[in-house]
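Examining the three-dimensional arrangement
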Amino acid sequence: MSDTAQLTYKGKTMEFPVVEGTENELAIDIKALRASSGMITLDPGYKNTGSCESAITFLNGEKGILRYRGYSIEELAEHADFLEVAYLLIFGELPTKEQLAKFDHDIKAESHVDEEMKKILDGFPKSAHPMGVIASLTSALIAFNPSSVNVSSEKDMYHAIVRLLAKFPVLVSWTHRKRMGLPLDYGDDSLGYVENIHKMMFKRPNKEYQKNPLVIEALDKLLILHADHEQNCSTSTVRIVGSSHAGLFASISAGISALWGPLHGGANQAVLEMLQAIADDDGDTKKYMAKAKDKEDPFRLMGFGHRVYKNFDPRAKIIKRSADNVLGSLHMEDPLLEIAKGLEKEALEDPYFVKRKLYPNVDFYSGIIYRALGIPVEMFTVMFALGRLPGWIAQWREMRLRGEPIGRPRQVYIGETLRPFKKLEDR
Ligand code: SDX
């Protein structure tokens, strides 16, 4: 018999079951609340509301813990590669050699993107933000892959999943290359998943592609660190769009748009722009710290704070270390990294940030590495989407296989009560 929680209102006491997760998280199951009380809960931003039960990712914000299917992010970043992690997130177990080989084969078999898609890309001005382009292209994939729309069997889902994992990186490379005035290219099936992404993005038409294992390793690690993060804004978007039984591609396209916001994935671009603004302002970090604390100033210290982490974001710690290693191994220096480290130090000693438990998040240092890898700042959030793709897919698949109901929250109406229509001449 599970525990229960009681709610008493105007002398009437109602009991609700308490659900306990495998990591001892507790939730009050209020499925029967409205039927038994006529009341609903109110929780803008869902800060206290669980939307689902999930077996994919576990976060402990107080302790700064992140695990994918029970494996710590630190071990996965150290020992796994991105394709293995994608398989783990989506299917629940680390793949055997045979499973990984089949997964890789099935993805490569789907890596062609219809040439007609290039006409859609051509319709965008070069000034278009890549996140808007990639969201549109992902949605446009539906038209060229109709059998991937109404998928309800695991077999059909698998086919849609490998198609998207295969085609999305091609669209990312096309989006990047179009902006750089480079010819659009296809991948190289002889390469690994992440090396293929790097080659598709950066191969110059008149030069041999030079493989740099350090760059591929750094990119692979970054993609792993971004791969999933339980019910964040964009993942919740993917789930709620998918809950209407909209197809996988449409659900992911919606998630990409949600990720674009500067409060979410768009923060990695905003961080770099903020660090550059500070650098252009004689490195005056104190001025920007003051702006971040000034309630009259809408400026926020981008890359700081988190809805769940009230301790260090474990990904930020790994990325910060990796930034030093990548710059060192590429014999590069980036003054923005030093500014970022100075800001972090100041914030971690500042009562405003300490009181609110604001620490660097995944977006604070990632842009330093993307920049060192030659990725333009406007493409940073697209790289976040590339990393988050397997997580979105895993969450969409879990939601569909569990037969979750269509997402349809309620509200508390605070508008006008009933009033008679007023003719135009009487207004
Ligand atoms: C991601 O959810 C996920 O898991 C997301 C993500 C993922 O992997 O999917 O981790 C990726 O989106 C990381 C977050 C990237 N965004 C940023 O770096 C933008 C800057 N951060 C903030 O906007 C903010 O911290 C959020 C949006 C991340 C979290 O916002 P919350 O949880 O709604 O917190 P809040 O806005 O209520 O802030 C609480 C207090 C407020 O001050 P008071 O009203 O209490 O006085 O902290 C302040 C805020 O003003 N605050 C900040 C701040 N973040 C919060 N003040 C200055 N600078 C900041 N960055």
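Above: the structure in question.
Criteria and cut-off values
- The residue numbers shown here count from 1 along each chain, following its written sequence.
- Under the rules for a predicted model, residues below a pLDDT of 70 receive no local features and side-chain atom pairs below 80 are neither given nor counted, while totals for whole chains, interfaces and linings still include all residues.
- Excluded from the side-chain calculation are hydrogens and water; included are all heavy atoms of the structure.
- One speaks of a salt bridge when a side-chain nitrogen belonging to Lys or Arg is within 4 Å of a carboxyl oxygen belonging to Asp or Glu.
- Throughout this description, buried means an accessible area under 20% of the type-specific maximum (1.4 Å probe, protein chains only), exposed means over 50%, and partly exposed covers the range between.
- Any two strands with at least two DSSP-identified bridges between them are counted as paired.
- In this text, helices come from DSSP runs of H or I with a minimum length of four residues, and strands from runs of E with a minimum of two, each type numbered from the N-terminal end.
- When at least one non-hydrogen atom of a residue lies within 4 Å of a molecule or strand, that residue is treated as near it.
- What qualifies as a polar contact is a pair of N or O atoms within 3.5 Å, subject to a donor-acceptor requirement within protein and to the restriction that residues adjacent in sequence count only when both atoms come from side chains.
- Accessibility throughout is a Shrake-Rupley quantity obtained with a 1.4 Å probe, and a residue counts as covered only by protein chains that appear here.
- The residue classification treats Ala, Val, Leu, Ile, Met, Phe, Trp, Tyr, Cys and Pro as nonpolar and Asp, Glu, Lys and Arg as charged. All others, Gly included, are polar.
- Two aromatic rings from Phe, Tyr or Trp, using only the six-membered ring of Trp, form a pair when their centres are within 6.5 Å; if the ring planes differ by under 30 degrees the pair is stacked, by over 60 it is edge-to-face, and anything between is tilted.

1. A short note on the pattern of salt bridges
- Applying the stated rule across the entire model yields 25 salt bridges.
- Across the pair Glu115 and Lys118 runs a salt bridge whose closest N-O atoms are separated by 2.9 Å.
- Take Lys118: its relative accessible area is 18%, and that puts it in the buried class.
- A salt bridge links Lys345 to Glu349; the shortest N-O distance between them is 2.9 Å. Neither residue differs from the other here; Lys345 and Glu349 are each classed as exposed.

2. Considering the sheet that holds strand β6 (residues 71-72)
- Spatially, the three strands line up as an open sheet ordered β4-β5-β6, and their pairing is antiparallel. Each end of this open sheet is capped by a strand with a single partner; those strands are β4 (57-60) and β6.
- Pairing of strand β5 (residues 65-68) with β6 involves two bridges; the strand directions are antiparallel. Following the sheet pairing, Tyr68 is matched in β6 by Tyr71.

3. Concerning the pairing of strand β2 (residues 12-20)
- Where strand β1 (residues 4-9) lies against β2, six bridges are found, and the strand directions are antiparallel. Residue pairing for β2: Ala5 is matched across the bridge by Phe16.
- Connecting the antiparallel pair β1 and β2 is a turn made up of two residues, with Lys10 showing a positive phi of about 50°.
- As defined by bridge partners, β2 adjoins strand β3 (residues 26-28) across three bridges and the pair is classed as antiparallel. Bridging across to β3, Val18 finds its partner in Ile28.

4. Observations regarding the site of the ligand
- Not every one of the 25 residues close to the ligand is listed here, only the nearest: His229, His306, Arg307, Arg315 and Arg388.
- Here His264 contributes a side-chain N or O atom positioned 2.9 Å from an oxygen atom of the ligand.
- Within the side chain of Arg300, a nitrogen or oxygen atom sits 2.9 Å from an oxygen atom of the ligand.
- Considering the ligand on its own, with 1000 Å² of exposed area, one finds that the protein chains cover 80% of that surface.
- Here the shell around the ligand is composed, by residue class, of 10 nonpolar, seven polar and eight charged.

5. Comments concerning the packing of aromatic side chains
- In the structure shown here, the tally under the stated rule is 13 aromatic pairs.
- Note on Phe304 and Phe353: the rings are 5.8 Å apart at their centroids and 80° apart in plane angle, and the pair reads as edge-to-face. With Phe304 in the loop between α13 (285-293) and α14 (314-329) and Phe353 in helix α16 (residues 351-355), this residue pair connects regions lying 49 residues apart in the sequence. The same class applies to Phe304 as to Phe353, namely buried.
- With 5.3 Å between their ring centres and 45° between their planes, Tyr370 and Phe380 make a pair best called tilted. Here Tyr370 is found in helix α17 (residues 362-372), whereas its partner Phe380 is found in helix α18 (residues 380-401), with 10 residues between them in sequence.

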